[in-house]
Amino acid sequence: VGAAHYAVVSDAHVGPLHAARVHAALTAAGPASLHLVPAGEASKSRTRWAELTDALLAAGMGRDGCLVALGGGVVGDLAGFVAATYMRGVPLVQVPTSLLAMVDASVGGKTGIDVPAGKNLVGAFHQPRLVLADPDVLATLPLAELRAGLAEAVKHGLIADADYLAGIEAEADDLLARNPAVLERLVHRSVEIKAAVVGRDPLEAGERAILNAGHTVAHALERVTGYELPHGLAVAVGLVVEARAGESAGHTADGTADRLARVLGALGLAAAPPAGTDPEAVLAAMATDKKGRGGRPRYALPEAPGRMARAADGGWTLPLDEAHVRSALDHARTGLSAGPADV
Ligand SMILES: NC(=O)c1ccc[n+]([C@@H]2O[C@H](COP(=O)([O-])OP(=O)(O)OC[C@H]3O[C@@H](n4cnc5c(N)ncnc54)[C@H](O)[C@@H]3O)[C@@H](O)[C@H]2O)c1
Ligand SMILES: [Zn+2]
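Residues numbered from 1 in each chain as written. Chains lettered and ligands numbered in written order. Predicted model: local features only at pLDDT ≥ 70, side-chain atom pairs only at ≥ 80, totals over all residues. Heavy atoms only, no water.

### Some details on the overall build of the protein
Then step 1. For the protein, the helix and strand inventory stands at 13 helices and 11 strands.
Then step 2. Once the C-alpha set of the protein is aligned to its principal axes, its extents read approximately 65 × 45 × 40 Å.
Then step 3. The buried share of the protein, reckoned over its 343 residues, is 51%.
Then step 4. For the protein, the share of sequence-separated contacts (at least 6 apart) that also reach a separation of at least 24 residues comes to 73%.
Then step 5. Carbon and sulfur atoms make up 55% of the accessible area of the protein, which amounts to about 14,400 Å² in all.
Then step 6. On the protein, the mean spot of the 30 positive side-chain charges and the mean spot of the 38 negative ones are 5 Å from each other. (Helix = DSSP H or I, 4+ residues; strand = E, 2+ residues; numbered from the N terminus. Buried < 20%, exposed > 50% of the residue type's maximum accessible area, 1.4 Å probe, protein only. Contact = heavy atoms within 4.5 Å. Areas by Shrake-Rupley, 256 points an atom, 1.4 Å probe, with all protein chains shown as cover. Lys, Arg positive; Asp, Glu negative; His and termini not counted. Charge placed at Lys NZ, Arg CZ, Asp CG, Glu CD.)

Rendered as structure tokens:
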């Protein structure tokens, strides 16, 4: 991507580790500036968006400039939204450095920020011109963040490829040991799966909703834990809870939830919400999700590993009786199935 000015956005963890290399390479190509934001979800804010756009204006970047997002999904979503809106849109290059950003956030063109009413409620679709993922940078990623990315890869196996899911389970130890060849194959297959879905439905009119498997519950868990629970860890819980609720509602093949829990367990991911999580608060959070339809949460549910259930009208999401979700949440908390009287 040739540009008159490259603006690299990174965060306080990734910047010191990896920005110098990127910045030096770009400076050779033309004027480049480096902009660091604090690490963490709180940087996906209107405040940081305003600071960054002002900084780019002050640096004199025009429409012939280019944004480079160097970091995890937080930097990608924030810098992406700056790119989408700066002078009505400038090119964006994603350089994801977390596994979650490599397998998920950097692909598909969703950008945005969080607002007091909820996560990702202000944003834009803005496809990157280029995504550059170098698995070597994962060497410095904290283990919990590595696991968070693996949870999204499990999701990709669940929605599209049972063999991939089995492969992740078989290679769990190599993945956790950051075997570069094994990680590279994982990134490759996950991107392939996500890109195929996004390619068929770029603006989320239908099928793209399957990428939200596990996420209705996950987003509610994130909300009730005040975003203390990292996204990927919430997704792990959500995948199992939604599959179990799908089983009791008759949409999902028996054994799917236990299968998922086994794969996630091999990766060191818990299928239970943090101790002390109140299931009623989780249910309430789902009912008030701003992205729900008319206050009734919808779920992208597996029919079986590798295949998603369809609604009678051909849609890709289904409603669930609250009783099924409550019982699945209880199972996740206690390891016990609710009796028929509870459902
Ligand atoms: N746009 C999308 O389609 C999409 C999809 C999924 C998630 N997301 C968003 O992505 C965000 C989560 O992304 P994330 O999990 O990457 O979080 P993150 O960006 O906060 O990164 C996680 C942590 O790892 C650090 N880090 C990243 N790369 C590192 C490296 N190579 N070495 C050392 N430390 C490193 C970061 O500084 C941060 O502390 C959420 O805001 C979520 O909404 C967006
Ligand atoms: Zn996710």
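Here the narrative resumes.
### Side note on the packing of aromatic side chains
Then step 1. In this structure the tally under the stated criterion is 1 aromatic pair.
Then step 2. An angle of 40 degrees between the planes, with centres 6.2 Å apart, marks the rings of Trp49 and Phe81 as tilted. Taken together, the residues Trp49 in helix H2 (residues 46-58) and Phe81 in helix H3 (residues 73-85) connect sequence positions 32 residues apart.
Then step 3. Looking at Trp49, the relative accessible area reads 29%, which means it is partly exposed.
Then step 4. Residue classification places Phe81 among the buried positions, given a relative accessible area of 7%. (Phe/Tyr/Trp six-rings, centres within 6.5 Å; stacked < 30°, edge-to-face > 60°.)

### Section: the layout of surface pockets
Then step 1. Looking at the second largest pocket, its volume works out to about 330 Å³.
Then step 2. Lining the second largest pocket are 17 residues, with Val22, Val68, Leu70, Val95 and Leu132 sitting closest to its centre.
Then step 3. Broken down by secondary-structure element, the contributors of at least two residues to the lining of the second largest pocket are helix H1 (14-29), strand S3 (65-71) and strand S4 (92-96).
Then step 4. Here the lining of the second largest pocket takes 4 residues from H1, the largest share from any one element. (1 Å grid on protein atoms, 1.4 Å probe; cavity = no way out; pocket = protein on both sides within 12 Å on 5 of 7 lines; lining within 4 Å. Points joined across faces, edges and corners; volume = space filled by probe spheres on them.)

### Some points on the site of ligand 1
Then step 1. Contacts to ligand 1 come from 26 residues, most closely from Asp11, Glu41, Gly73, Ser98 and Thr140.
Then step 2. Between His13 and ligand 1, the recorded distance is 2.9 Å, taken from a side-chain N or O atom to an oxygen atom.
Then step 3. Secondary structure elements with two or more residues in the shell around ligand 1: H1, H3, helix H4 (99-105) and strand S6 (118-125). (Near = heavy atom within 4 Å. Polar contact = N/O pair within 3.5 Å; in protein donor to acceptor, adjacent residues only side chain to side chain.)

### A short note on the coordination of the zinc ion (ligand 2)
Then step 1. Coordination of the zinc ion (ligand 2) by the protein comes from Glu152 (OE), His215 (NE2) and His231 (NE2), over a distance range of 2.0 to 2.1 Å.
Then step 2. Read in sequence order, the donor residues for the zinc ion (ligand 2) give the motif E-x62-H-x15-H. Linking Glu152 in helix H5 (residues 143-160) with His231 in helix H10 (residues 231-249), this pair joins segments that are 79 residues apart in sequence.
Then step 3. By relative accessible area, which is 1% here, Glu152 ends up buried. (Donors = N, O, S within 2.8 Å, 3.2 Å for Na, K, Ca; no water.)

### Considerations on empty space enclosed by the protein
Then step 1. All told, the structure shown has 1 cavity of 30 Å³ or more when counted by the stated rule.
Then step 2. A volume near 40 Å³ is recorded for the largest cavity.
Then step 3. Lining the largest cavity, in full, are Gly71, Gly72, Gly73, Gly76, Asp77, Gln94, Pro96, Ala101, Ala105 and Ser106.
Then step 4. Of all the secondary structure elements, the ones that give two or more residues to the lining of the largest cavity are H3, S4 and H4.
Then step 5. In terms of residue count, H3 provides more of the lining of the largest cavity than any other element does, 3 residues in total.
Then step 6. Among the residues forming the lining of the largest cavity, the class breakdown is 3 nonpolar, 6 polar and 1 charged. (Nonpolar A, V, L, I, M, F, W, Y, C, P; charged D, E, K, R; others polar.)

### A short note on the environment of Thr53
Then step 1. Mapped onto the elements, Thr53 comes out in helix H2.
Then step 2. Through-space distance from the C-alpha of Thr53 to that of Arg21 is 24 Å; in sequence the pair is 32 residues apart.
Then step 3. Excluding its chain neighbours within four sequence positions, the residues that come into contact with Thr53 are Val82 and Tyr86.
Then step 4. Reaching out from Thr53, the side chain makes a polar contact with the backbone oxygen of Ala50 at a distance of 3.0 Å.

### A closer look at helix H8 (residues 180-200)
Then step 1. Along its 21 residues, H8 runs 30 Å from first to last C-alpha, staying within 8% of the 30 Å computed at 1.5 Å per residue.
Then step 2. Within H8, burial applies to Val182, Leu183, Leu186, Val187, Ser190, Ile193, Lys194, Val197 and Val198. For H8, the angular spread of buried residues about the axis comes to 135 degrees, placing them on one side. Exposed positions of H8 whose direction lies more than 90 degrees from the buried face are Pro180, His188, Gly199 and Arg200.
Then step 3. Where the residues of H8 are buried, they touch H4, H5, helix H6 (162-170) and helix H7 (172-176).
Then step 4. The N-cap residue of H8 is Asn179: its side-chain oxygen and the backbone nitrogen of Ala181 are 3.0 Å apart. (Expected span 1.5 Å × (residues − 1). Arc of directions from axis to C-beta.)

### Structural notes on the packing of H10 against helix H11 (residues 256-266)
Then step 1. Closest axis-to-axis distance for the H10/H11 pair is 8 Å, and the angle between their directions is 165 degrees. When the axis of H10 is compared with that of H11, the two are roughly antiparallel. Two packed elements cross with a definite hand, and for H10 against H11 that hand is left-handed. Residues Ala236, Leu239, Val240, Ala243, Arg244 and Glu247 of H10 lie in contact with H11, whose contacting residues are Thr256, Ala257, Asp258, Leu260, Ala261 and Leu264.
Then step 2. Its residues assigned to classes, the contact of H10 with H11 shows 8 nonpolar, 1 polar and 3 charged. (Axes fitted to C-alpha atoms, helices over the stretch in contact; angles between N-to-C directions. Parallel < 35°, antiparallel > 145°, perpendicular 65-115°, else oblique. Left-handed = near helix turned anticlockwise from the far one by under 90°.)

### Quick word on helix H13 (residues 322-334)
Then step 1. Given a rise of 1.5 Å per residue, 13 residues ought to cover 18 Å, and the 18 Å separating the end C-alpha atoms of H13 matches this to within 8%.
Then step 2. Looking at the buried positions of H13, the neighbouring elements they touch are H10, helix H12 (279-287) and strand S8 (298-299).

Interpretation note: all reported values are geometric properties and have no functional meaning in isolation.
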